[in-house]
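# Notes for the structure review
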Amino acid sequence: MGQIPTGNGGNGRDGVGTNPRSGRQETEEERADRQWGELLQELRVAQTGVQILFGFLLAVVFQPRFADLSTVDRNIYVVTVMLGSATAAALIGPVSYHRLLTGRRMKPQTVTWASRLTKLGLGLLFCTMCSTLLLIMRVALHNVVALWLVGAMALWFLVCWFVFPLWAIARNNGLRPGEDGGAPDDESDPRP
């Protein structure tokens, strides 16, 4: 038999309600804890890639061939290293944010700001990847084909990282939670 609805989601726990988007019964703190764990998993993937890419970029300047680069290629390199630095800062920032705010009963706000930093970091990572590819392709090919290849790869990054997720949101926009046959999800929440 079904539970009788109460103001707290029918489970007898104070402050717990059913999230209309996800169907989950959790407090704001429980939800923040869950979202923080999910965000950490995402950051682990992104941070590893950024660290490898940034290490490569830092090593380039010490290679003998670096002195032979044109002024344009050196400028692209400097921009790329600065973008890589900004990307690392944005993707490591959520960890610092969490550490400094731990114990201050601000987990929901921490998740929101950490998510924003992560989104910024992904945008910066897109720019860093494109800039890195541009530098490598210019050095390797010395012709306009480099621009076409980088443009094609930039388009692929945009499709994989942004278009597919936005398409999924648009496709699900009119459906009620769980209506598509899958488990309901609350990732459409604009906060994190």
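Residues numbered from 1 in each chain as written. Predicted model: local features only at pLDDT ≥ 70, side-chain atom pairs only at ≥ 80, totals over all residues. Heavy atoms only, no water.

Our next topic: the state of the cysteines. Per the counting criterion, the structure on display carries 0 disulfides. Cys127 takes part in no disulfide bond, and the closest cysteine sulfur to it belongs to Cys130, at a distance of 6.8 Å. Overall, Cys127 belongs to the partly exposed group, its relative accessible area being 35%. When its relative accessible area of 12% is taken as the criterion, Cys130 is described as buried. (Disulfide = S-S within 2.5 Å. Buried < 20%, exposed > 50% of the residue type's maximum accessible area, 1.4 Å probe, protein only.)

This paragraph deals with the nonpolar core. The biggest cluster of nonpolar side chains holds 22 residues, and the ones touching the most others in it are Trp36, Leu39, Val50, Phe66, Tyr77 and Leu91. Top contributing element to this core by residue count: helix 1 (residues 28-60), with 9 residues. With near-sequence residues (within four places) excluded, Tyr77 lies in contact with Leu57, Leu58, Val60, Val61, Phe66 and Leu135. (Core = buried A, V, L, I, M, F, W, Y, C linked by side-chain atoms within 4.5 Å. Helix = DSSP H or I, 4+ residues; strand = E, 2+ residues; numbered from the N terminus. Contact = heavy atoms within 4.5 Å.)

This next bit is on the packing of helix 3 (residues 107-141) against helix 4 (residues 145-172). In the contact formed by helix 3 and helix 4, the axes pass within 9 Å of each other and the chain directions differ by 160°. In terms of orientation, helix 3 lies roughly antiparallel with respect to helix 4. The chirality of how helix 3 crosses helix 4 is right-handed. Contacts from Leu122, Leu125, Phe126, Met129, Cys130, Leu133, Leu134, Met137, Arg138 and Leu141 in helix 3 reach Val145, Ala146, Leu147, Leu149, Val150, Met153, Ala154, Phe157, Leu158, Trp161 and Phe162 in helix 4. Its residues assigned to classes, the contact of helix 3 with helix 4 comprises 20 nonpolar, no polar and 1 charged. (Axes fitted to C-alpha atoms, helices over the stretch in contact; angles between N-to-C directions. Parallel < 35°, antiparallel > 145°, perpendicular 65-115°, else oblique. Left-handed = near helix turned anticlockwise from the far one by under 90°. Nonpolar A, V, L, I, M, F, W, Y, C, P; charged D, E, K, R; others polar.)

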